[in-house]
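# Examination of the molecular architecture
What follows is each chain in one-letter form.
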Amino acid sequence: MSDQPSTEPSSTPEHPTGSGQPSAPSPAPDSAEAPSEAPLSADPLTQAQAEVAILQAKVTELQDQYIRGQAEVQNARRRADEEVSKARKFAVESFADSMLPVVDSLEAGLATQEATPQQIREGAEATLRQLKSALERNKVLAIDPAVGSKFDPHQHQAISMVPAEQEANTIVSVLQKGYLIADRVLRPALVTVAAPQ
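Cut-offs used in this document
- Residues numbered from 1 in each chain as written.
- Predicted model: local features only at pLDDT ≥ 70, side-chain atom pairs only at ≥ 80, totals over all residues.
- Heavy atoms only, no water.
- Pairing = 2+ DSSP bridges.
- Helix = DSSP H or I, 4+ residues; strand = E, 2+ residues; numbered from the N terminus.
- Axes fitted to C-alpha atoms, helices over the stretch in contact; angles between N-to-C directions.
- Salt bridge = Lys/Arg side-chain N within 4 Å of Asp/Glu carboxyl O.
- Expected span 1.5 Å × (residues − 1).
- Buried < 20%, exposed > 50% of the residue type's maximum accessible area, 1.4 Å probe, protein only.
- Arc of directions from axis to C-beta.
- Contact = heavy atoms within 4.5 Å.
- Core = buried A, V, L, I, M, F, W, Y, C linked by side-chain atoms within 4.5 Å.
- 1 Å grid on protein atoms, 1.4 Å probe; cavity = no way out; pocket = protein on both sides within 12 Å on 5 of 7 lines; lining within 4 Å.
- Points joined across faces, edges and corners; volume = space filled by probe spheres on them.
- Nonpolar A, V, L, I, M, F, W, Y, C, P; charged D, E, K, R; others polar.

## Topic: the sheet that holds strand β1 (residues 140–143)
- In spatial order, the strands read β1-β4-β5; together these three strands make up an open sheet with antiparallel pairing. The open sheet has two free edges, formed respectively by β1 and β5 (184–187), since each of these has just one partner strand. Averaged over all adjacent pairs, the angle separating strand axes in this sheet is 35°, with direction ignored.
- Both strand β4 (residues 178–181) and β5 contribute to a ladder of three bridges, which runs antiparallel. Residue pairing in the sheet places Ile181 in a bridge with Arg184 of β5.

The following block contains the structure:
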């Protein structure tokens, strides 16, 4: 009889392990929950480090773009300065080129020893036409207001006001022509203006 109890306990432990009762796997979920808590506590730090890395990359990219933008601005300024310098240089060259025929005509006229007064006058008129044409090609235009036109303080300079049988503040005479250069007053026209009656 003493042998039977010893065989029963040995068969009892073998039964639960072989049957897969819930008491045996219960420690396994506890051990699975413990590792899951460790990654949860490490996730915010990992995420923060990843975000910092992303932000640092963006900062580096923006710094690179800023440096490139500054270089482009400096290059644009340098190119603009060069273009302005070239424009001034070539503008003077163009004007000088327009003046050369006028110089040639004057020299040719002075080289003529036996010119009549009529020939001298005709030569001077031809040279004046050349000069006016050269000025017009370079956008230098005369300000020559008609008598009776309204006085314009932006283009005219009144030397005096004179009594006249015309509307007040209108031009009576032009003493000296003015000139515009590219719509800017180079020299105002000197005029006399009708005084109020």
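Additional details are given in the paragraphs that follow.
## Quick look at the sheet that holds strand β3 (residues 171–176)
- Ordered by their spatial adjacency, three strands build an open sheet running β2-β6-β3, and the pairing between neighbours is mixed. In the strand order of this sheet, the two ends are held by β2 (156–162) and β3, each with one partner. When the angles between neighbouring strand axes are averaged without regard to direction, this sheet yields 30°.

## Quick word on the pattern of salt bridges
- Inspection of the entire model under this criterion finds two salt bridges.
- Notably, a salt bridge pairs Asp64 with Arg68, separated by 2.2 Å at the nearest N-O pair. Taken together, the positions of Asp64 and Arg68, both in helix α2 (residues 27–111) and four residues apart, correspond to about one turn of that helix.

## Considerations on helix α3 (residues 117–137)
- For α3, spanning 21 residues, the distance from its first C-alpha to its last is 30 Å, which sits close to the expected 30 Å at 1.5 Å a residue.
- Looking at α3, one finds that the buried residues are Thr127, Ala134 and Leu135. The buried residues of α3 occupy an angular sector of 95° when the element is viewed end-on, so they sit on one face. Residues of α3 that are exposed and angled more than 90 degrees away from the buried face: Arg121, Arg129, Glu136 and Arg137.
- Positive phi appears at Lys139, one or two residues downstream of α3, with a value of about 65°.

## What to know about the environment of Val172
- Within the secondary structure, Val172 is located in strand β3.
- Take Val172: its relative accessible area is 22%, and that puts it in the partly exposed class.
- Residues Val172 and Val162, 10 residues apart in the sequence, show an inter-C-alpha distance of 7.9 Å.
- Contacts of Val172, omitting those with residues within four sequence positions, involve Val147, Val162, Ala164, Gln166, Thr192, Val193 and Ala194.

## Quick notes on the nonpolar core
- Core analysis: the largest hydrophobic core is formed by six residues, namely Ile143, Ile171, Leu180, Ala189, Val191 and Val193.
- Per element, the largest residue contribution to this core is three residues, and it comes from strand β6 (residues 189–194).

## Topic: the pairing of β6
- The element β6 is extensively covered by neighbouring structure, given that five of its six residues are classed as buried.
- Where β2 lies against β6, six bridges are found, and the strand directions are parallel. From the neighbouring strand, His156 faces β6, where its bridge partner is Ala189.
- Inspection of the sheet shows β3 paired to β6 by four bridges, in the antiparallel sense. Within β6, the position partnered with Ile171 by the bridge is Val193.

## Focus: the layout of surface pockets
- Its volume calculated, the largest pocket comes out at about 240 Å³.
- What lines the largest pocket is Ser105, Leu106, Gly109, Leu110, Thr112, Ala115, Gln119, Ile120, Gly123, Ala124 and Thr127.
- Secondary-structure elements contributing two or more residues to the lining of the largest pocket are α2 and α3.
- With five residues, α3 is the single largest residue contributor to the lining of the largest pocket.
- Split by residue class, the lining of the largest pocket holds five nonpolar, six polar and no charged.
- Its volume calculated, the second largest pocket comes out at about 160 Å³.
- Lining of the second largest pocket is provided by Leu128, Leu131, Lys132, Leu135, Glu136, Val140, Leu141, Ala142, Lys177 and Tyr179.
- Only α3 and β1 provide two or more residues apiece to the lining of the second largest pocket.
- Per element, the largest residue contribution to the lining of the second largest pocket is five residues, and it comes from α3.

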